[in-house]
Amino acid sequence: MGAVAISHKVVRQPDTWVLLTQRIALGKQLFNDPHLSADGTVRCASCHMPEKGYTDGRRVAVGVEGRTGTRNTPSLMTLEEAQETSFFWDGRRSSLDQAVLDPLTNPVEMGLHNQAELLQRVQEDSAYTSAFAQAFPEAKPVISSEHIAAALAEYVRSLRSPESAYDRYALHGDKTALDQRALLGLAIFKGKGHCAECHRLGGAPAVLTDHAYHRTGMGLDAITANLPNLTEDVIKRSLQGGAIGNRVATHADEAQLGRFNVTQDPADIGLFRTPSLRDVSHTAPYMHDGSVATLDDAIDREVYYRSLQAGRPLQLTVEEREDLKSFLQAL
Ligand code: HEC
Ligand code: HEC
């Protein structure tokens, strides 16, 4: 019996590893394939650009036929490190396998009509048939939307942001990794700035989020007058089972309701998920609607708004803001 168990282990482990590698490679191929969009021009990497930290540098995303969405494209390479368990700015998906399929049928992203159309496009390509057969040897049928999702999700999970100066400092004990400015910034971040209450420093590497939702002044003012109508519409539609993602991407005012779109709880109006600040200096513009152009503006905004919100208004000197910025640049 013992011998069987050992040989089983020896054979199994490399197998699993090979399969995972094949799934990641297949996911990467799908991620970079424009034929999976309605007009053949948009791929995941059009918006999640590797050279821009898997964001697009735009205020809001631009998809098929130049259609614009309502939200800023988040980085994908920090999801695994931030131990994210809910996805999108309003956390409307709780599994990555579900989240990766949504953009394909979102009318302002890749614009396919439905998952049947996705399946047809993948099945038509003979290169995919053999790649899927290898990566999912037990799958019947060989290609299904479930396996497309699994491959895309494995690829996204394999992404990592580069090791940061703060990782070297906090994770590897390299006390020289942060300069004097960044150290002062860290003290403000943890201390009187109270930033770390939401952008948490725990985790290895630091997750820089609390995985929770918070109100933001951003964008809510513009819709206040129309709030009763908007919320009523959202509740009505949720009873009809409409896809939240498609709706918020095409209705800017509803998108500003944030977490409310998911829960329909009035307490959740205007709440958004705390973004991880890993690699944050490379992912401008900022906030769920991309309305803040630079890191300096984002810092000013957060210092002012969060302290006001917590009932302890905070003034930082120009020097202290620079310190905070140096620290954020080290993340
Ligand atoms: C047209 C631009 C665009 C394309 C194309 C696109 N995305 Fe996105 N992606 C976005 C935007 C914008 C969001 C945020 C939407 C929201 O929160 O409502 C997002 C969010 C995500 C998220 C959630 C990230 C998080 O922080 O929770 C995942 C995962 C994701 N996209 C994967 C993909 C995959 C996989 C593809 C290809 C199948 C893809 N995206 C194609 C713009 C795009
Ligand atoms: C109460 C929780 C909370 C506190 C405290 C907080 N933040 Fe945030 N932070 C958030 C949320 C939520 C967002 C997203 C808001 C949005 O998109 O509208 C955010 C967004 C940001 C962004 C933009 C990130 C991006 O990718 O768009 C930066 C930069 C930032 N915060 C820095 C700070 C700094 C610096 C402090 C301390 C002065 C701080 N935050 C304090 C919750 C918080």
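Throughout this description, residue numbers start from 1 for each chain and increase along the sequence as written. The order in which chains are written sets their letters, starting at A; the order in which ligands are written sets their numbers, starting at 1. In view of the model being predicted, local features appear only for residues whose pLDDT reaches at least 70, and side-chain atom pairs are presented and counted only at 80 or more, with totals across whole chains, interfaces and linings using the full set of residues. Only heavy atoms go into the side-chain values, all of them from the structure, while hydrogens and water stay out.

1. Some points on the pattern of salt bridges
Here, a salt bridge means any side-chain nitrogen of Lys or Arg that lies within 4 Å of a carboxyl oxygen of Asp or Glu. Inspection of every chain in the model, using the stated rule, returns 17 salt bridges. One salt bridge in this structure joins Arg-121 and Glu-117, with 3.2 Å as the shortest N-O distance. One end of the pair, Arg-121, and the other, Glu-117, are both in helix 5 (residues 115-124), 4 residues apart, so they sit about a helical turn from each other. Close ionic contact of Arg-306 with Glu-302 constitutes a salt bridge, the shortest N to O distance being 3.0 Å. Only runs of H or I of at least four residues qualify as helices and only runs of E of at least two qualify as strands under DSSP, and these elements are numbered from the N terminus.

2. Thoughts on the UniProt feature "domain: Cytochrome c" (unreviewed entry) in the protein
UniProt positions are given in the numbering used here, feature names are shortened, and annotations may be inferred rather than shown by experiment. As annotated by UniProt and renumbered to match this structure, "domain: Cytochrome c" (unreviewed entry) occupies residues 22-160 and 180-331. Here residues 22-160 is 40% helix and 0% strand, with 18 Å between the C-alpha atoms at its ends.

3. Looking at the site of ligand 2
Near residues are defined by distance, with any heavy atom within 4 Å of the molecule or strand qualifying the residue. Inspection of the region around ligand 2 gives 19 residues, with Cys-195, Cys-198, His-199, His-288 and Glu-302 positioned closest. N or O atoms within 3.5 Å of each other form a polar contact, as long as, within protein, one can give a hydrogen and the other can take it, and as long as residues adjacent in sequence are counted only when both atoms are side-chain atoms. Between ligand 2 and the protein, one listed contact pairs an oxygen atom with a side-chain N or O atom of His-288 at 2.7 Å. Between ligand 2 and the protein, one listed contact pairs a nitrogen atom with a side-chain N or O atom of Arg-306 at 3.4 Å. Among the elements that make up the shell around ligand 2, the one with the highest residue count is helix 14 (residues 295-309) (4 residues). As a working rule, the residues Ala, Val, Leu, Ile, Met, Phe, Trp, Tyr, Cys and Pro are called nonpolar, Asp, Glu, Lys and Arg charged, and the rest polar, with Gly in that last group. Broken down by class, the residue content of the shell around ligand 2 amounts to 10 nonpolar, 7 polar and 2 charged.

4. Some remarks on the side chain of Arg-273
Relative to the elements of secondary structure, Arg-273 occurs in strand 2 (residues 271-273). Burial classes follow relative accessibility: with a 1.4 Å probe on protein chains only, a residue under 20% of its type's maximum area counts as buried, one over 50% as exposed, and anything between as partly exposed. In this tally Asp and Glu are treated as negative and Lys and Arg as positive; neither His nor the chain ends contributes. Although Arg-273 lies buried, it forms no salt bridge, and the closest oppositely charged side chain, Glu-84, sits 4.1 Å away as judged by the N-O distance. A polar side-chain atom of Arg-273 sits 2.6 Å from the main-chain carbonyl oxygen of Ser-86. Contacts are residue-level and defined by heavy atoms, with any inter-residue pair within 4.5 Å sufficient. Contacts of Arg-273, omitting those with residues within four sequence positions, involve Glu-84, Ser-86, Phe-87, Phe-88, Trp-89, Ala-212 and Tyr-213.

5. Considering the layout of surface pockets
Points on a 1 Å grid over protein atoms alone make up a cavity when a 1.4 Å probe fits among them but cannot get out, and a pocket when they form an open set with protein on both sides within 12 Å along at least five of seven lines; lining residues each have an atom within 4 Å of a point. Grid points are joined across faces, edges and corners, and a volume is the space filled by probe spheres set on the points. Estimated volume of the second largest pocket: approximately 170 Å³. Among the secondary structure elements, those contributing two or more residues to the lining of the second largest pocket are helix 4 (102-105) and helix 11 (244-250). Sorting elements by how many residues they give to the lining of the second largest pocket places helix 11 first, with 3 residues. Here the lining of the second largest pocket is composed, by residue class, of 2 nonpolar, 4 polar and 3 charged. Each domain span listed reflects an automatic or database assignment of domains. Two domains each put at least three residues into the lining of the second largest pocket: domain 1 (2-158) and domain 3 (221-269).

6. Here's the deal with the coordination of the iron atom of ligand 2
Only nitrogen, oxygen and sulfur atoms qualify as donors, provided they sit within 2.8 Å of the metal or within 3.2 Å for Na, K and Ca; with water excluded from the atoms, sites may seem incomplete. At this site the iron atom of ligand 2 is bound by His-199 (NE2) and Glu-302 (OE), with donor distances of 2.0 to 2.1 Å. Its 6 donor atoms give the iron atom of ligand 2 angles of 87 to 179 degrees at the centre, a pattern that matches the octahedral case. With His-199 in the loop between helix 9 (180-190) and strand 1 (213-215) and Glu-302 in helix 14, the pair connects residues that are 103 residues apart, well separated along the chain. For His-199, a relative accessible area of 10% puts it in the buried group. Since its relative accessible area comes to 22%, Glu-302 is described here as partly exposed. Geometry is assigned from donor-metal-donor angles: four donors are tetrahedral when every angle falls between 85 and 135 degrees, four are square planar and six octahedral when opposite donors sit over 155 degrees apart with all other angles between 65 and 115, and any other arrangement is irregular.

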